[in-house]
Amino acid sequence: MIYCIPCLALTVFILVTGNFIKHPYNIRVDAANKVLYCAIPKVGTTNWKRLLLGVRLSSTNGTKNGASFNVRNESSYTLPAKQSPHATELSNHTWFLFSKYDEKEKNYMLNNFYKFVFVRHPLERLLSCYRGNVANTAFDQIMAKKYAKLINGNSTHATFQDFVEFVLKPTADAGTDSIHYQRQVDICNPCFVKYDFIGLFENIDEESQYIINKVYSSKKGYTYPKREPLYEQEKSREVYHKFYKTIPKHTMEKLYKYYEKDFLIFNYTSTLLKHFHGQISHSS
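Everything in this summary refers to the structure shown in the same document.

What counts and how
- Residues numbered from 1 in each chain as written.
- Predicted model: local features only at pLDDT ≥ 70, side-chain atom pairs only at ≥ 80, totals over all residues.
- Heavy atoms only, no water.
- Helix = DSSP H or I, 4+ residues; strand = E, 2+ residues; numbered from the N terminus.
- Buried < 20%, exposed > 50% of the residue type's maximum accessible area, 1.4 Å probe, protein only.
- Contact = heavy atoms within 4.5 Å.
- Areas by Shrake-Rupley, 256 points an atom, 1.4 Å probe, with all protein chains shown as cover.
- Core = buried A, V, L, I, M, F, W, Y, C linked by side-chain atoms within 4.5 Å.
- Disulfide = S-S within 2.5 Å.
- Arc of directions from axis to C-beta.
- Phe/Tyr/Trp six-rings, centres within 6.5 Å; stacked < 30°, edge-to-face > 60°.
- Pairing = 2+ DSSP bridges.

### Quick look at the overall build of the protein chain
So, point 1. In terms of regular secondary structure, the protein chain is built from 13 helices and seven strands.
So, point 2. Put simply, the protein chain has 284 residues, and 48% of those count as buried.
So, point 3. The long-range share in the protein chain, meaning contacts at least 24 apart out of those at least 6 apart in sequence, stands at 74%.
So, point 4. For the protein chain, the accessible area works out to roughly 14300 Å², and carbon and sulfur atoms hold 53% of it.

Structure (structure tokens):
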């Protein structure tokens, strides 16, 4: 867990570079339980939405009153385990976007609700975006072809290097899907929102359970879903090496610069970059 955010350092960074950070726009509001959750794609967001939707639905339809359940169990609540929580949250109006509230309501929630977010090593998150959205045609052929067309101008397969070079283009725009590789500080801005808890993806199982126990203590038996077996087959470092060894050093330096705010604010290092590409030049 990150307990303190070095926003002073970020302020200096902004003053020097003139690179301002946007207000957070992907915060979900669970008004019934007084919770604000900033959802960063590729950082356990699907499982968190599924779990919190289950909690919210159980609060409104009277099911699972305190009973132990795991959200992978299809009979646990009204949202089937294989159904996307991203679509369900909108169709059921179970969640509301923070941006839809007026300023008075926003200020009240920021001062009185429990606020949390999970973050991930920027380059591991970028790789996860490529593997899940661009390369994994079995998972979502439409999205994979969409990215390939954006990157290559046609629907043929895009390599990881193609994808990285696309992200680094000033004009890179995948529409609403851009959020999957966008900088995490731009999505949730921890210097604008004083989060009560900033968790790390690397410790997501235990830290998620801490939040569940703290915020939803009255709902006994709720647990954070275990990761799919697919993610446990290969160690992150091995996968990282497999893909990033194909990226030239000068491109890696540009990539570090692009995600520099994430590295700085969330206290990640460029150790992995140095391991495969030698010393990476950066200002921090």
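Resuming the write-up.
### A few points about the nonpolar core
So, point 1. Residues Trp 48, Phe 116, Phe 163, Tyr 181 and Tyr 244 are the most contacted members of the largest nonpolar core, which totals 70 residues.
So, point 2. Broken down by element, the residue count for this core peaks at six residues, all from helix H5 (residues 122-134).

### What about the state of the cysteines?
So, point 1. Applying the stated criterion to the full structure yields one disulfide.
So, point 2. Across a sulfur-sulfur distance of 1.8 Å, Cys 38 and Cys 188 are joined as a disulfide pair. One quick way to see it: the torsion about the S-S bond of Cys 38 and Cys 188 is about -95°, and its sign makes the bridge left-handed. Residue Cys 38 is located in strand S2 (residues 35-38), and its partner Cys 188 is located in helix H8 (residues 184-188); the two are separated by 150 residues in the primary sequence.
So, point 3. Residue classification places Cys 38 among the buried residues on the basis of a relative accessible area of 1%.

### Section: helix H7 (residues 160-167)
So, point 1. Listing the buried residues of H7 in full gives Phe 160, Phe 163, Val 164, Phe 166 and Val 167. Projected onto a plane normal to the axis of H7, the buried residues spread over an arc of 160° and lie on a single side.

### A few points about the packing of aromatic side chains
So, point 1. In this structure the tally under the stated criterion is 19 aromatic pairs.
So, point 2. Considering the side-chain rings of Trp 48 and Phe 116, the 4.8 Å spacing of their centres and the 55° angle between planes classify their relative orientation as tilted. Taken together, the residues span a long stretch of sequence, with Trp 48 in helix H2 (residues 45-61) and Phe 116 in strand S5 (residues 114-119) at a distance of 68 residues. Neither Trp 48 nor Phe 116 differs from the other in exposure class; each is buried.

### Concerning the pairing of S5
So, point 1. Summarising burial for S5: six of the six residues are buried, a large majority.
So, point 2. Taking every second residue as pointing to the same face, both faces of S5 are buried, with Tyr 114, Phe 116 and Phe 118 on one and Lys 115, Val 117 and Val 119 on the other.
So, point 3. One ladder, built from four bridges, connects S2 with S5; its direction is parallel. Bridging across to S5, Cys 38 finds its partner in Val 117.
So, point 4. Relative to strand S6 (residues 197-200), S5 runs parallel, the two being bridged by four bridges. Bridge pairing in S6 places Phe 116 opposite Phe 197.

The values are spatial; any link to function lies outside them.
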